Amino acid sequence: MADVGAAALTGVGLFTPILILITAFAMLCGAGGAPRAAIAMGRGDNKTAEKIMANCFTLLLILAAVLTVVFYFAAPSLLVLFGASEKTLPYALDYARIYIIGTIFVLIVMGMNPFVTTQGFATFSMMTTVIGAVCNIILDPILIFALNMGVRGAATATVNSQAVGAVWVLRFLTGSRTRLRLSVKNMPPVAKVIGPCLG
């Protein structure tokens, strides 16, 4: 991307504030819910811990739906507010809208991975990050240069990598190795369960 590299890179960088906001909502559930699940596990109450985890997962799905719609349509105005110019806005918007469509994967990875760590599976949790990073490293040059997708390729690579990470986490939390099982029966939100996680 010799001719437009600087503008494209600047455009991608302008997405950072939106990325931080998305990450913050993910950590609201993960960093808020996982410690409370750990406390319940410490009391020997895995049933409550599973309820906390499933309720946080439900909240992540709701947040993903809301944030995807809000940020998708608000992206042009937000990017201009964050400093996008007439030259950089097209690149910023191309990257932003593809990434925003994959918000659900980002929220699942960032919001549910702490529930893996809190069970004592730190290595598995770390592998979530490693797998996502490796997938991104492999896909970036293919999509950006080989398929000539530019910043859209970079965003697509990131979304696909996050999707792999999300599947990795969910397979663990619904599998046989986990101490806390993510199940549909615990997913209906209960205010007294989810409220303390957000406090």
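Residues numbered from 1 in each chain as written. Predicted model: local features only at pLDDT ≥ 70, side-chain atom pairs only at ≥ 80, totals over all residues. Heavy atoms only, no water.

Engineer: Break down the overall build of the chain for me, with residues and values.
Structural biologist: Secondary structure summary: the chain contains 8 helices and 0 strands in total. The order of helices and strands in the chain, counted from the N terminus, is α-α-α-α-α-α-α-α. Against the 2.2 N^0.38 benchmark of 16 Å for 199 residues, the chain shows a C-alpha radius of gyration of 18 Å, consistent with a compact globule. When the backbone C-alpha atoms are referred to their principal axes, the chain occupies close to 60 × 30 × 20 Å. Residue burial in the chain is summarised as follows: out of 199 residues, 45% are buried. Taking the intrachain contacts of the chain between residues at least 6 apart in sequence as the baseline, contacts between residues at least 24 apart amount to 79%. On the chain, roughly 9800 Å² of surface is accessible, and the fraction owed to carbon and sulfur atoms is 69%. If the 13 positive side-chain charges of the chain are averaged to one point and the 6 negative ones to another, these points end up 19 Å apart. (Helix = DSSP H or I, 4+ residues; strand = E, 2+ residues; numbered from the N terminus. Rg over C-alpha atoms; globule rule 2.2 N^0.38 Å. Buried < 20%, exposed > 50% of the residue type's maximum accessible area, 1.4 Å probe, protein only. Contact = heavy atoms within 4.5 Å. Areas by Shrake-Rupley, 256 points an atom, 1.4 Å probe, with all protein chains shown as cover. Lys, Arg positive; Asp, Glu negative; His and termini not counted. Charge placed at Lys NZ, Arg CZ, Asp CG, Glu CD.)

Engineer: Break down the pattern of salt bridges for me, citing the residues and quoting the values.
Structural biologist: Summed over the entire model, instances satisfying the criterion amount to 1 salt bridge. Across the pair arginine 152 and aspartate 94 runs a salt bridge whose closest N-O atoms are separated by 3.2 Å. Here the residue arginine 152 occupies a position in helix 7 (residues 150-173), and aspartate 94 occupies one in helix 4 (residues 89-101), the gap between them amounting to 58 residues. Judged by its relative accessible area of 28%, aspartate 94 is partly exposed. (Salt bridge = Lys/Arg side-chain N within 4 Å of Asp/Glu carboxyl O.)

Engineer: I'd like a description of the packing of aromatic side chains, backed by residues and values.
Structural biologist: All chains considered together, the criterion is met by 7 aromatic pairs. Aromatic pair phenylalanine 15 and tyrosine 95: ring centres 5.6 Å apart, planes at 65°, arrangement edge-to-face. Residue phenylalanine 15 is located in the loop between helix 1 (5-13) and helix 2 (16-42), and its partner tyrosine 95 is located in helix 4; the two are separated by 80 residues in the primary sequence. Phenylalanine 15 gets classed as buried once you look at its relative accessible area, which sits at 1%. Residues phenylalanine 124 and phenylalanine 172 carry aromatic rings whose centres are separated by 4.3 Å and whose planes lie at 35° to one another, so their mutual orientation is tilted. Here phenylalanine 172 lies in helix 7 and phenylalanine 124 lies in helix 6 (residues 122-146), a separation of 48 residues in the sequence. Between arginine 97 and the ring centre of tyrosine 72, over which it is positioned, the NZ or CZ distance is 4.6 Å. (Phe/Tyr/Trp six-rings, centres within 6.5 Å; stacked < 30°, edge-to-face > 60°. Lys NZ or Arg CZ within 6 Å of the ring centre and 35° of its normal.)

Engineer: Please provide a residue-by-residue account of the side chain of glutamate 50, values included.
Structural biologist: The topology assignment puts glutamate 50 in helix 3 (residues 46-81). Despite its burial, glutamate 50 remains without a salt bridge, the nearest opposite charge being carried by lysine 185 at 6.0 Å. Polar side-chain contacts of glutamate 50 include one of 2.9 Å to the backbone nitrogen of arginine 181. In contact with glutamate 50, not counting residues within four places along its chain, are Arg179, Leu180, Arg181 and Asn186. (Polar contact = N/O pair within 3.5 Å; in protein donor to acceptor, adjacent residues only side chain to side chain.)

Engineer: How would you sum up the environment of tyrosine 99? Please name residues and give values.
Structural biologist: You can see tyrosine 99 is positioned in helix 4. Take tyrosine 99: its relative accessible area is 5%, and that puts it in the buried class. Sequence separation between tyrosine 99 and threonine 156 is 57 residues; the distance between their C-alpha atoms is 7.1 Å. Residues contacting tyrosine 99, with those up to four places away along its chain left out, are Phe15, Leu19, Ile22, Val106, Ala155, Thr158 and Val159.

Engineer: Lay out helix 5 (residues 103-117) in plain terms, naming residues and giving numbers.
Structural biologist: With 15 residues, helix 5 extends 22 Å between its outermost C-alpha atoms, agreeing within 8% with the 21 Å of an ideal straight helix rising 1.5 Å per residue. In terms of residue burial, helix 5 counts as a mostly covered element, since 11 of its 15 residues are buried. The set of residues buried in helix 5 consists of Thr103, Val106, Leu107, Ile108, Val109, Gly111, Met112, Asn113, Pro114, Phe115 and Val116. Packing partners of the buried residues in helix 5 comprise helix 2, helix 3, helix 4, helix 6 and helix 7. (Expected span 1.5 Å × (residues − 1).)

Engineer: Tell me about unusual backbone geometry, and name the residues and values.
Structural biologist: At asparagine 148, a position not held by glycine, the phi torsion is positive, near 55°. Within the fold, asparagine 148 resides in the loop between helix 6 and helix 7. The class of asparagine 148 is exposed, set by a relative accessible area of 65%.

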